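Structure at a glance
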Amino acid sequence: MSSNNITLKRTTSSNPDFRNLTILLDKELHNQYGDLQSEYDRYNHIIDINTVVIAYRDQSAVGCGCFKQIDDTSAELKRMFVKADERGQGIASSILTELELWAKEIGFSYSILETGDKQHEAIALYQKIGYVIIPNYGQYSGMESSICMRKEL
């Protein structure tokens, strides 16, 4: 898929561009949340995921996201990130749309995600495209800084 000089590529978590983008994501999260982020790091290891989307502008990786199966009906979005100087151009929406389409192709009925309470732009984006806040699930239960969301695909 290509729009706005952005090309989306379906790939895997072994893609070096994905790994580099997630390093930037982790740095940003640590800057925002400090020591609290260490509690979340253990849930952010992406190993052997075959459902990664990377956004490229002129062959330079500018954003990413992926999903993994949670149960028979739900895919969990993970590692959503767009480089700071590329934000506000619809790249995250494009990545999300591609991830949702892919999850639906595989047979999932729902997309769920967790984001941090300081991720105001991300929360607004998710709500704009149909995600609703749900009770915190799984490992995020009881974590006050987590916001969990869900959307029917």
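Attention in this report is confined to the structure presented alongside it. Note that the coordinates shown come from a computational prediction; the quantities given were computed from them, not determined experimentally.

**A closer look at the pattern of salt bridges**
- The final tally for this structure, using the stated rule, is six salt bridges.
- Among the ionic pairs, Asp 26 bridges to Arg 79, the shortest N-O distance being 2.8 Å. Here the residue Asp 26 occupies a position in helix α1 (residues 16-33), and Arg 79 occupies one in strand β5 (residues 74-82), the gap between them amounting to 53 residues.
- A residue is classified by how much of its surface remains accessible, and Asp 26, at 25% relative accessible area, is partly exposed.
- A salt bridge links Arg 57 to Glu 86; its shortest N-O distance comes to 2.9 Å. Here the residue Arg 57 occupies a position in strand β3 (residues 52-57), and Glu 86 occupies one in the loop between β5 and α3 (91-106), the gap between them amounting to 29 residues.
- Among the residues examined, Arg 57 registers a relative accessible area of 17% and is labelled buried.
- Salt bridges linked by common partners bring Arg 10, Glu 98 and Glu 105 together as one network.

**Observations regarding α3**
- Helix length check: α3 (16 residues) gives 23 Å between terminal C-alpha atoms against 22 Å at 1.5 Å per residue, within 8%.
- Two residues or fewer after α3 comes Gly 107, characterised by a positive phi angle close to 120°.

**Some thoughts on the pairing of β3**
- The element β3 is extensively covered by neighbouring structure, given that six of its six residues are classed as buried.
- Of the two faces of β3, the one carrying Val 52, Ile 54 and Tyr 56 and the one carrying Val 53, Ala 55 and Arg 57 are both buried.
- Taken together, the six bridges between strand β2 (residues 6-11) and β3 define a ladder with antiparallel strand orientation. Bridging across to β3, Lys 9 finds its partner in Ile 54.
- The pairing of β3 with strand β4 (residues 60-69) spans six bridges and is classified as antiparallel. What sits directly across from Val 53, in β4, is Gly 65.
- Counted along the chain from β3 to the antiparallel partner β4, the turn is two residues long, and its residue Asp 58 has a positive phi close to 50°.

Thresholds, definitions, all that
- Residues numbered from 1 in each chain as written.
- Predicted model: local features only at pLDDT ≥ 70, side-chain atom pairs only at ≥ 80, totals over all residues.
- Heavy atoms only, no water.
- Salt bridge = Lys/Arg side-chain N within 4 Å of Asp/Glu carboxyl O.
- Helix = DSSP H or I, 4+ residues; strand = E, 2+ residues; numbered from the N terminus.
- Buried < 20%, exposed > 50% of the residue type's maximum accessible area, 1.4 Å probe, protein only.
- Expected span 1.5 Å × (residues − 1).
- Pairing = 2+ DSSP bridges.

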